[in-house]
Amino acid sequence: MTDATDPTRYAFEYPGESGTLSRDQTVLIDEVIDDPHVPAFDFQVVNDEKLGIYDAIAGGQEVAGLTYNVAGDNRLVLLATAVSPEFRRQGIATELIRRVLDDVRVQGKRVTIMCPIVRTFIDHHPEYADLIDPEHPGASQGRPHLS
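These numbers were taken from a predicted model, which means no experiment stands behind them.

## Section: the pattern of salt bridges
- Scanning the entire structure with this criterion turns up six salt bridges.
- Two residues, Asp42 and Arg99, come together in a salt bridge whose shortest N-O distance is 3.6 Å. Remark: Arg99 occurs in helix α2 (residues 92-107) and Asp42 occurs in the loop between α1 (23-34) and β2 (44-48); sequence separation between them is 57 residues.
- By relative accessible area, which is 26% here, Arg99 ends up partly exposed.
- With a shortest N-O distance of 2.7 Å, Asp130 and Arg105 are connected by a salt bridge. With Asp130 in the loop between α3 (116-124) and β7 (140-144) and Arg105 in helix α2, this pair connects stretches of sequence that are 25 residues apart.

Structural data, given as structure tokens:
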């Protein structure tokens with residue numbers, strides 16, 4: 001388990017700008033770092049290409065999502081991961097990110113990461129590092145930005 005008081009735990013920089021992590025983002029980062037177990041319940045992931053979001057659906061309800069932009073034929077820019085408050089700390093963010101990255105791999109695409117939660121996931125699961133576009137990697141670890 002990682003020390004939640006470690007200032008580098010939430011340290012990210014964005015290309016050409018500074019970013020600020022919200023408390024909601026830090027909760028999801030905590031999940032990705034500290035909660036490696038399988039989600040408490042099953043959910044389906046649906047890629048809504050028109051809206052640019054991978055939705056996590058459980059019992060007919062959207063419980064989480066990962067938004068993205070398409071950048072050419074071979075790259076997605078992963079923008080933000082969100083989980084409804086009542087479904088947090090149940091492994092959903094971790095599993096959603098894993099399934100999205102698996103789908104990206106199947107499609108033969110690469111990613112640019114603007115979402116610090118996805119960045120943290122890949123940092124803790126290096127088997128996905130090959131999906132990061134080397135010319136456009138996106139967010140990286142840097143100095144802390146909490147709000």
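## Description of α2
- With 16 residues, α2 extends 22 Å from end C-alpha to end C-alpha; this agrees with the ideal 22 Å at 1.5 Å per step.
- Downstream of α2 by one or two residues, Gly108 has phi in the positive range, about 75 degrees.

## Side note on the nonpolar core
- Ranked by size, the top nonpolar core spans 34 residues in total, and within it Leu78 and Leu101 carry the most contacts.
- Only α1, β3 (53-58), β4 (61-70), β5 (75-83), α2, β6 (110-113) and α3 provide two or more residues apiece to this core.
- Among the elements that make up this core, the one with the highest residue count is α2 (seven residues).
- In this view, Leu101 contacts Leu78, Val111, Phe121, Ile122, Tyr128 and Leu131; residues no more than four positions away in its chain are not counted.

## Observations concerning the pairing of β6
- Looking at chain direction, β5 and β6 are connected through four bridges and run parallel. The residue bridging Val77 from the neighbouring strand is Thr112, located in β6.
- For the handedness criterion, the β-α-β arrangement of β5, α2 and β6 is classed as right-handed.

What counts, and where the lines are drawn
Residues numbered from 1 in each chain as written. Predicted model: local features only at pLDDT ≥ 70, side-chain atom pairs only at ≥ 80, totals over all residues. Heavy atoms only, no water. Salt bridge = Lys/Arg side-chain N within 4 Å of Asp/Glu carboxyl O. Helix = DSSP H or I, 4+ residues; strand = E, 2+ residues; numbered from the N terminus. Buried < 20%, exposed > 50% of the residue type's maximum accessible area, 1.4 Å probe, protein only. Expected span 1.5 Å × (residues − 1). Core = buried A, V, L, I, M, F, W, Y, C linked by side-chain atoms within 4.5 Å. Contact = heavy atoms within 4.5 Å. Pairing = 2+ DSSP bridges. Right-handed = clockwise from strand over helix to strand, strands pointing away.

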